[in-house]
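# Remarks on the overall topology
What follows is the residue order along each chain.
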Amino acid sequence: MWVSDETNGVSDPTGKYNKKLYCILSSDKYSIGQYKKEPLGEGMELVNQDICGWWKSRFILDHNQKKAYQWMRRNQRLASVGPGDVDWDSMGELPEEAMMTLRTYSFNYPSFIRCFRNGIAEVMWQLIPDGYYWMDNGGGYGMAADIELNIYGFIDRETNIVSRFHYYSDNDLRAGVLERVRNQVELAISGCDDVIV
């Protein structure tokens, strides 16, 4: 059964859900079969759904507030991300395939929501999978020469984007840019006025 079969009409226009969805998703039914739950820390939990053989991040539960939020729709499009949530300038000369994934807010490829810390979580959004994805995906295509391409952002406990999705080079990632961005976001949320995220 799809979650949407049980949840028609319980969300507001932004995809934010009321406590009814929280009660539905908190049941054991959404911990087995085509669903599995993953703790994210700080009373947060991810509800993954098996879609085409891959575990996909569908809903985030806030056990402290007894609320649920849709992260990804059934069609594998992000529910909480819009044009203002992407640092388009950082995308530079990304391949057209990556830009198509980005422009359609597709969460098709393996992408992850990391653990919450101080009220925020890192999101790794894969725009192009590496060549092994196609080999593992079946269909007789074999491995492709693609290089994995990811962008990163941060969300708060209500799935609001608190640091826009940004493309970082491998050198930036090795130099710890994500930890610096996280620290800036944490300062901004804590009320410091002089922080630019």
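Keep in mind that this is a model prediction, so the values were computed, not measured.

The number of helices and strands found in the protein is 6 helices and 8 strands. Taken from the N to the C terminus, the helices and strands of the protein come in the order α-α-β-β-β-β-α-β-β-α-β-β-α-α. A burial count over the protein gives 45% of its 197 residues as buried. Summarising the internal contacts of the protein: among those between residues at least 6 apart in sequence, 49% fall at separations of at least 24. If you sum the accessible surface of the protein, you get close to 10200 Å²; carbon and sulfur atoms cover 51% of it.

With respect to burial, strand β7 (residues 149-156) is a largely interior element, 8 of its 8 residues being buried. Alternating positions in β7 separate into two faces, Leu149, Ile151, Gly153 and Ile155 on one and Asn150, Tyr152, Phe154 and Asp156 on the other, with burial throughout. In the sheet, strand β6 (residues 120-128) pairs with β7 via 8 bridges, with the strands oriented antiparallel. When the bridges of β7 are listed, Ile128 appears paired with Leu149. Where β7 and strand β8 (residues 161-166) come together, 3 bridges link them in antiparallel fashion. Following the sheet pairing, Tyr152 is matched in β8 by His166. Taking the residues that link successive antiparallel strands as the turn, the β7-β8 hairpin has 4 residues, and the phi of Thr159 there is positive, at about 65°.

What follows is about the sheet that holds strand β5 (residues 112-117). Reading across the sheet, the 4 strands line up as β5-β6-β7-β8 and stay open at both edges, with antiparallel pairing between neighbours. Among the strands making up the open sheet, the edge pair consists of β5 and β8. Within this sheet the neighbouring strands show an average axis-to-axis angle of 15°, counted without direction. One ladder, built from 4 bridges, connects β5 with β6; its direction is antiparallel. By the bridge assignment, Phe116 is partnered in β6 with Ala121. Across the sheet, helix α3 (residues 96-103) touches β6 and β7, and the angle it forms with β6 is around 130°. Lying over the sheet, helix α6 (residues 177-189) contacts β5, β6, β7 and β8, oriented at roughly 135° with respect to β6.

Criteria and thresholds
For every chain, the first residue of its written sequence is number 1, and the numbers climb from 1 along that sequence. Side-chain atom pairs in this predicted model are given and counted only at pLDDT of 80 or more, local residue features only at pLDDT of at least 70, and totals for whole chains, interfaces and linings cover all residues. Excluded from the side-chain calculation are hydrogens and water; included are all heavy atoms of the structure. Strands here mean DSSP runs of E at least two residues long; helices mean DSSP runs of H or I at least four residues long; both are numbered from the N terminus. Throughout, exposure labels follow a simple rule: accessible area from a 1.4 Å probe, protein chains only, divided by the maximum for the residue type, with under 20% read as buried, over 50% as exposed, and the rest as partly exposed. Contacts are assigned to residue pairs that have any heavy atoms within 4.5 Å of one another. Each accessible area value is a Shrake-Rupley result obtained with a 1.4 Å probe; residue values ignore everything except the protein chains displayed when judging cover. Whether two strands pair depends on DSSP finding at least two bridges between them. Between the N-to-C directions of two axes lies an angle of 0 to 180 degrees, each axis being a line fitted to C-alpha atoms and, for a helix, fitted only over the stretch in contact.

Treat this as a map of the structure, not an account of what it does.
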